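# Architecture and fold: a report
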Amino acid sequence: MTQTFDLILRHGLAVTPNGTERTDIGVSDGRIKAIGDLRAASAAEEMDLRGLAVLPGVIDTQVHFREPGLEYKEDLATGTAAAAQGGVVAVFEMPNTKPSATTADAIDDKLARAKGRAWVDHAFFLGAAADNIDHLALWERRPGCAGIKVFMGSSTGNLLVPDDETLAEVLAQGVRRIAVHCEDEGRLAERKHLADAGAHPRVHHEWRDVETALKASQRLIALAEKARRRVHVLHVTTAEEMEFLADHKAVATVETTPQHLTLAAPECYERLGSYAQMNPPIRGVHHRDALWRAIANGVVDVLGSDHAPHTREEKDRPYPQSPSGMTGVQTLVPVMLDHVSQGRLTLERLVDLTSAGPARIFGITGKGRTAVGYDADFTIVDLKAERIITNDWIASRCGWTPFDGKRVTGWPTATIVRGRVVMRDGQLLGAPSGLPVRFQECPA
Ligand code: DOR
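Description of the structure in this document. (Residues numbered from 1 in each chain as written. Predicted model: local features only at pLDDT ≥ 70, side-chain atom pairs only at ≥ 80, totals over all residues. Heavy atoms only, no water.)

## Here we look at the site of the ligand
R66, N96, T156, N279 and S324 are the nearest of the 14 residues found near the ligand. A distance of 3.2 Å is found between an oxygen atom of the ligand and a side-chain nitrogen or oxygen belonging to H64. Within the backbone of G325, a nitrogen or oxygen atom sits 3.4 Å from an oxygen atom of the ligand. The fraction of the free accessible surface of the ligand (290 Å²) that becomes covered by protein chains is 100%. Grouping the amino acids of the shell around the ligand by side-chain chemistry returns three nonpolar, nine polar and two charged. (Near = heavy atom within 4 Å. Polar contact = N/O pair within 3.5 Å; in protein donor to acceptor, adjacent residues only side chain to side chain. Areas by Shrake-Rupley, 256 points an atom, 1.4 Å probe, with all protein chains shown as cover. Nonpolar A, V, L, I, M, F, W, Y, C, P; charged D, E, K, R; others polar.)

In structure tokens:
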């Protein structure tokens, strides 16, 4: 009898647990059912992927989609459309919305808003604050919750856990991964005059300097070791932190961003002004080189885009009134594929950083691997396509990217979420049908 599937992906170069191999993949009911030679099988829908690579779906574990409260910058529909356009199958969204997502109700509200409007799968971080510590252990297990997020230093919004005492209390609650923005609030306040006097974003990385980041990471790791709690250090930007964190991998997992791997001071500030302003900042080439070494030696576990849209009008305000953050969810895949084409990392390492890494760190179930039984999530890419990233292509409501005009080799040509083709050749297809991501400790 002929084997039948809902969908067969034929002849693609697939990155699987066995390596990178030309193979067919059979999908039914949203799951991967077979990997191998499926010449004898048929399906309702078939895609000929000759000449294309089939990656496990890319998961972006750090985005800010601004809903509720700041929808003029982005919302869950536009943010997830940008994700789908960029080859991203799932996103973890940050809690610095308005109001901040610091309650179970706020997580549930975001899930309800995403229903029928999100193009890709999603989970939401619960923000830690002085007034919700007693609830964190219960609320972090909410279906659709990605874990706990802590801001040690002020950034966009008012979420903040600046002191060791409160941070220790947060670390004592619950069991899930705690993702931390490491910048030392005391040092930021002490040095704010540098930004105020500077009036040019080129001082951003001098105000929010290496010591500001390193000090916070060191404080965090000391407390995490004491609490025997594993923490995830978001967007690591300095050579010093990479060296320090390499010695503490038993408690710390490490993220960096495509922006920090690609842009560098002072050039980016001269060229882009406040459009290169983000927290923690883009730093000099010495630090960028260190981030690449940490990609090569395995210290980095995951890439997050830190997609943080602000309108042009906001970004055009004189520094430091200009807000920090830039778009990234849609450019993560093409920017990183370009690095692959330049030989800076292998395709397999990129998959490790964007699929296997997120699954391992956050305890995702059924995603992050091209394996039978897993969700049929795929990022289909053309490794040879030469394209130019432009603002016109950006689906984010804010409509700009720091990579406008960048020539890249490598492009996402289709996004498949649980067996549904949601983007093909730049067109969104069907209706938004993203679902909450499932986790070991809180199955949806
Ligand atoms: O640059 C940033 N922008 N860093 C953050 O931590 C927050 C983000 C935002 O939400 O705008």
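## Focus on the packing of aromatic side chains
With the rule as written, the count across this model stands at six aromatic pairs. Pairing F125 with F362 gives two aromatic rings, centres 5.9 Å apart and planes at 75°, and the pair type is edge-to-face. Highlighted residues: F125 in strand β8 (residues 121–127) and F362 in helix α14 (residues 347–362), separated in sequence by 237 residues. By relative accessible area, which is 3% here, F362 ends up buried. (Phe/Tyr/Trp six-rings, centres within 6.5 Å; stacked < 30°, edge-to-face > 60°. Helix = DSSP H or I, 4+ residues; strand = E, 2+ residues; numbered from the N terminus. Buried < 20%, exposed > 50% of the residue type's maximum accessible area, 1.4 Å probe, protein only.)

## Description of the sheet that holds strand β10 (residues 178–181)
Spatially, β6-β7-β8-β9-β10-β11-β12-β13 is the arrangement adopted by the eight strands of the open sheet, whose pairing is parallel. Single-partner strands in this sheet number two, and they are β6 (58–63) and β13 (302–303). For β6 and strand β7 (residues 88–93), the ladder comprises four bridges, and the chain directions are parallel. For I59, the partnering residue across the bridge sits in β7 and is A90. The sheet contacts of helix α2 (residues 104–114) involve β7, β8 and β9 (145–151), and relative to β8 the element is tilted by about 160°. Helix α7 (residues 210–227) contacts β10, β11 (231–233) and β12 (252–256) of the sheet and is inclined by roughly 170° relative to β11. (Pairing = 2+ DSSP bridges. Contact = heavy atoms within 4.5 Å. Axes fitted to C-alpha atoms, helices over the stretch in contact; angles between N-to-C directions.)

## Remarks on the environment of A431
Looking at the secondary structure, you find A431 in the segment after β17 (427–428). On a C-alpha basis, the gap between A431 and R420 in space is 10.0 Å, while along the polypeptide they are eleven residues apart. In this structure A431 touches W119 and R420, once residues within four positions along its chain are discounted.

## Let's talk about the nonpolar core
By size, the foremost hydrophobic cluster in this structure holds 92 residues, and its most contacted members are F92, V150 and F439. At seven residues, the largest contribution of residues to this core is made by α14. Residues within four places of V150 in sequence aside, it is in contact with A128, V161, L167, V170, I178, A179, V180 and H181. Grouped together as the second largest cluster of nonpolar side chains are 20 residues, C268, L272, W400 and V408 included. (Core = buried A, V, L, I, M, F, W, Y, C linked by side-chain atoms within 4.5 Å.)

## As for the packing of helix α4 (residues 164–171) against α7
Packed helix pairs are specified by the crossing angle of their axes together with the interaxial distance, meaning the distance between the axes. Relative orientation of the contacting elements α4 and α7 amounts to 45°, with a least axis distance of 10 Å. Compared by their axis directions, α4 and α7 come out oblique. Between α4 and α7 the crossing geometry is right-handed. On α7, the residues touching D164, L167, A168 and L171 of α4 are R219, L220, L223, A224 and A227. Residue composition of the contact of α4 with α7, grouped by class: seven nonpolar, no polar and two charged. (Parallel < 35°, antiparallel > 145°, perpendicular 65-115°, else oblique. Left-handed = near helix turned anticlockwise from the far one by under 90°.)

## A closer look at the packing of helix α8 (residues 239–246) against helix α11 (residues 285–296)
Look at α8 against α11: their axes get within 8 Å of each other, and the N-to-C directions meet at 30°. Compared by their axis directions, α8 and α11 come out roughly parallel. The residues of α11 that touch α8, namely those facing A239, E240 and M242, are H286, H287, A290, L291 and A294. Partitioning the contact of α8 with α11 into residue classes produces five nonpolar, two polar and one charged.

## What to know about a negative patch on the surface
Judged by side-chain charge, E211, E240, E243 and D247 come together as a negatively charged surface patch. Tracing the backbone through its elements, the reader meets E240 in helix α8. (Patch = residues over 30% accessible without salt bridge, like charges linked within 9 Å, V, L, I, M, F, W, Y side chains within 5 Å. Salt bridge = Lys/Arg side-chain N within 4 Å of Asp/Glu carboxyl O. Lys, Arg positive; Asp, Glu negative; His and termini not counted. Charge placed at Lys NZ, Arg CZ, Asp CG, Glu CD.)

## Things to note about α14
Between its terminal C-alpha atoms α14 stretches 22 Å, which fits the 22 Å expected from 16 residues at 1.5 Å a residue. A maximum bend of about 45° is found in α14 at A356, where proline P358 lies one to four positions downstream. Judged by how many residues are buried, α14 sits mostly within the fold: twelve of 16 residues are covered. Along α14, the residues classified as buried are L347, R349, L350, V351, L353, T354, S355, G357, P358, A359, I361 and F362. Residue G363 follows α14 closely and has a positive phi angle near 65°. (Expected span 1.5 Å × (residues − 1). Bend = angle between axes of the 7 residues up to and from the residue.)

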